[in-house]
Amino acid sequence: MEQHSHITVRGLTHVYGVDGTALTALDGVDFEARRGEFVSVIGPSGGGKTTLLKVIGGLLQPTSGIVVIDGASPEDAQLLKRIGFVFQEPALLPWKTMTQNVRLPMEINHGKTPPDIGATGRLIEMVGLDEFRDYYPHQLSGGMRQRVAFARALVTDPDVLLMDEPLGSLDEITRTSMRYELLKVWEALPKTIVLITHSIAEAVMMSDRVVVLSSRPGRVVGEVSIDLPRPREEALERAPEFLERADRVKELLALGAKRTTTAGRARAGS
Ligand code: ADP
Ligand code: MG
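Predicted model only: the values in this text are computed from it and were never measured.

Calculation notes
- Residues numbered from 1 in each chain as written.
- Chains lettered and ligands numbered in written order.
- Predicted model: local features only at pLDDT ≥ 70, side-chain atom pairs only at ≥ 80, totals over all residues.
- Heavy atoms only, no water.
- Pairing = 2+ DSSP bridges.
- Helix = DSSP H or I, 4+ residues; strand = E, 2+ residues; numbered from the N terminus.
- Axes fitted to C-alpha atoms, helices over the stretch in contact; angles between N-to-C directions.
- Near = heavy atom within 4 Å.
- Polar contact = N/O pair within 3.5 Å; in protein donor to acceptor, adjacent residues only side chain to side chain.
- Areas by Shrake-Rupley, 256 points an atom, 1.4 Å probe, with all protein chains shown as cover.
- Nonpolar A, V, L, I, M, F, W, Y, C, P; charged D, E, K, R; others polar.

Caption draft 1: Layout of the sheet that holds strand β1 (residues 5-18). The sheet built from three strands is open, its strands ordered β2-β1-β4 with antiparallel pairing. Looking at which strands have only one partner, the edges of the open sheet turn out to be β2 (21-34) and β4 (64-69). Across the sheet, the mean angle from the axis of one strand to that of its neighbour is 20°, orientation sign disregarded. Pairing geometry for β1 and β4, over five bridges, is antiparallel. Bridging from a neighbouring strand, T13 pairs with S64 of β4.

Caption draft 2: Quick peek at the site of ligand 1. Around ligand 1, a shell composed of 13 residues is seen, among which G46, G48, K49, T50 and T51 lie nearest. One of the backbone nitrogen or oxygen atoms of G47 is found 3.1 Å away from an oxygen atom of ligand 1. Notes on ligand 1: free accessible area 560 Å², of which the protein chains cover 64%. Within the residue set of the shell around ligand 1, elements represented by two or more residues are β1, β2 and α1 (49-56). Broken down by element, the residue count for the shell around ligand 1 peaks at three residues, all from α1. Looking at the shell around ligand 1, its residues break down into five nonpolar, six polar and two charged.

Caption draft 3: Spotlight on unusual backbone geometry. Along the chain, R216 connects to P217 via a cis peptide bond; the corresponding omega equals -5°. When you line up the elements, P217 lands in the loop between β8 (209-213) and β9 (220-225). Each neighbour pair has its own omega, and for R230 with P231 the value is -5°, a cis peptide bond. Along the chain, the position of P231 falls in the loop between β9 and α8 (240-269). Residues other than glycine seldom take positive phi values, yet D70 does so here, at roughly 50°. Summarising the element assignment, D70 is placed in the loop between β4 and α2 (74-79). Here the phi dihedral of K81 falls at roughly 60°; this positive angle occurs in a residue that is not glycine.

Encoded structure:
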């Protein structure tokens, strides 16, 4: 694996303006992902995680700071279809079949990439939806719709995959089994992945590294290297080496919550 940075984030600060009031979502966030690395970003709700992912993906211009993806700006990386996105809600077009939804990024690619029907088929197989190629979104379960979203994110063969709580809208049972399916997909198709999650187990199980964000404004509290062998199986969740890393993430989350509470009190008292 190449050791230099694929995604570099430096001094990222983002301030939203709401009714003339400034709301700082991110404050001086630095982080990196090496090529082929799986990095999770975990933090409390409202801590700026979605904002961070949108900035990395070139969907939002930050107030200050820089993001570089393979030497390019996120906007250029996105135009070149180097980035795949998966959001919490799959957002499929209801009038298109599953296969057509998967192929959507190719169709809106203005003919830059020649259509490769075979590749689409392989992706659909990989996410386990081979029998449902001609189904419409309303004929699929929530977990299946999210698998369509994974296949769609991969259809342009991007080198970066950005996922914002992709399993967040699923029930607990589906969520856990999808975690292992997703792991298998990733282990077969190594990409540089940034996964936003608020599940400690998910972050530790899937990642090479977990970056912990504080509560708002989001700052990096610290990171935990998940130097556990792959492929990873469900049984690992009960192993001491897994639990020890999960505890470290938990401690950093607690530290991030405390820091902001203190700052909040200081502000309230001034
Ligand atoms: P997270 O994904 O960690 O829950 P977000 O990045 O969605 O956090 O939001 C961080 C903060 O920024 C929240 O306080 C949220 O209300 C605020 N925020 C998010 N999007 C906008 C927006 N478009 N305009 C104004 N404030 C926003
Ligand atoms: Mg969010």
